[in-house]
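In case you want the letters, here they are:
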Amino acid sequence: MGGNSPCASCKLLRRRCAKECIFAPYFPSDDPHKFSIVHKIFGASNVSKMLQELPLQQRADAVSSLVYEANARVRDPVYGCVGAISYLQNQVSQLQMQLAVAQSEILCFQMQQELAPITTSPVLLEGDDKPSLFLHQNNLPQFLTYSSSNNVIFDSFKKESFLGQDMIFS
């Protein structure tokens, strides 16, 4: 700042803040923690070199990124913000799997509701002396036979379990 109050970096480093101080615009004196954490992780000299190499319009974004990375490094010294990104990606993957399971359960319920209204109609086939039965489901006939002597229907459906839900397959 060069005037009344030194910037947070000059205050922390106990030096006089010059007019052309590279830290002054980005580390104001009212937020000393911001510079102290960046200084602890990256070092004042390295931050100064990084800022000097960047065009003026990109420096504020760079300081914001440095502060974010420094805070992430304090929370997780090994992985830093990569750890946070990895955690969030894993969380997204888990939520996508939960969504897929929920969508498959919805599909199972819809299929069960579609299979519920089954209509039957007896049919006598050529050359066969016992009646046969067609089950009409979703306009797809399922062929069943039954004996005229005992009125027992043998169906061709298999009941299987998928994700804890009973499903019927033909």
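Residues numbered from 1 in each chain as written. Predicted model: local features only at pLDDT ≥ 70, side-chain atom pairs only at ≥ 80, totals over all residues. Heavy atoms only, no water.

Identification of the protein chain as LOB domain-containing protein from Fraxinus pennsylvanica is taken from an unreviewed UniProt entry. For the record of the protein chain, the UniProt heading Sequence similarities (unreviewed entry) holds the text "Belongs to the LOB domain-containing protein family." (UniProt positions renumbered as here; feature names shortened; annotations may be inferred.)

Caption draft 1: Quick peek at the nonpolar core. Counting 21 residues, the largest nonpolar core has Cys 7, Cys 21, Phe 23, Phe 27, Val 38 and Leu 51 as the members making the most contacts within it. Of all the elements in the fold, those that place two or more residues in this core are α1 (8-13), α2 (32-42), α3 (44-53) and α4 (56-75). Each residue touching Phe 23, except ones within four places of it in the same chain, is listed here: Cys 7, Ser 9, Arg 15, Phe 35, Ala 44, Val 47, Ser 48 and Leu 51. (Core = buried A, V, L, I, M, F, W, Y, C linked by side-chain atoms within 4.5 Å. Buried < 20%, exposed > 50% of the residue type's maximum accessible area, 1.4 Å probe, protein only. Helix = DSSP H or I, 4+ residues; strand = E, 2+ residues; numbered from the N terminus. Contact = heavy atoms within 4.5 Å.)

Caption draft 2: Seen up close, α2. Burial in α2 covers these residues: Phe 35, Ile 37 and Val 38. For α2, the buried positions fall inside an angular range of 165° around the axis, keeping them on one side. Away from its buried face by more than 90 degrees, α2 exposes His 33 and Lys 40. Considering only its buried residues, α2 is in contact with α1, α3 and α4. Immediately downstream of α2, the backbone of Gly 43 shows phi near 90°, a positive value. (Arc of directions from axis to C-beta.)

Caption draft 3: Fine view of the packing of α2 against α4. Running from N to C, α2 and α4 cross one another at 70°; their axes reach a closest spacing of 9 Å. With respect to their mutual orientation, α2 and α4 come out roughly perpendicular. Listed contacts from α4 to Lys 34, Ile 37, Val 38, Ile 41 and Phe 42 of α2 are Val 63, Leu 66, Val 67, Glu 69, Ala 70, Asn 71, Arg 73 and Val 74. Residues that form the contact of α2 with α4 fall into these classes: 9 nonpolar, 1 polar and 3 charged. (Axes fitted to C-alpha atoms, helices over the stretch in contact; angles between N-to-C directions. Parallel < 35°, antiparallel > 145°, perpendicular 65-115°, else oblique. Nonpolar A, V, L, I, M, F, W, Y, C, P; charged D, E, K, R; others polar.)

Caption draft 4: Local environment of helix α5 (residues 81-115). With 35 residues, α5 should reach 51 Å at 1.5 Å per residue; the first-to-last C-alpha distance of 51 Å fits that figure. Within α5, the full set of buried residues consists of Cys 81, Gly 83, Ser 104 and Cys 108. (Expected span 1.5 Å × (residues − 1).)

Caption draft 5: Spotlight on a nonpolar patch on the surface. Together, Val 78, Tyr 79 and Val 82 give the surface a local cluster of nonpolar side chains, amounting to about 340 Å² of exposed area. Looking at the element boundaries, Val 78 is found in the loop between α4 and α5. (Patch = residues over 30% accessible without salt bridge, like charges linked within 9 Å, V, L, I, M, F, W, Y side chains within 5 Å. Areas by Shrake-Rupley, 256 points an atom, 1.4 Å probe, with all protein chains shown as cover. Salt bridge = Lys/Arg side-chain N within 4 Å of Asp/Glu carboxyl O.)

Caption draft 6: Main features of the packing of α3 against α4. The geometry of α3 relative to α4 is characterised by a closest axis approach of 9 Å and an angle of 150° between their N-to-C directions. Put simply, α3 runs roughly antiparallel to α4. Two packed elements cross with a definite hand, and for α3 against α4 that hand is right-handed. For the pair α3 and α4, the contacting residues are Val 47, Met 50, Leu 51 and Gln 52 in the first and Arg 59, Ala 62, Val 63 and Leu 66 in the second. Per-class residue counts for the contact of α3 with α4 are 6 nonpolar, 1 polar and 1 charged. (Left-handed = near helix turned anticlockwise from the far one by under 90°.)

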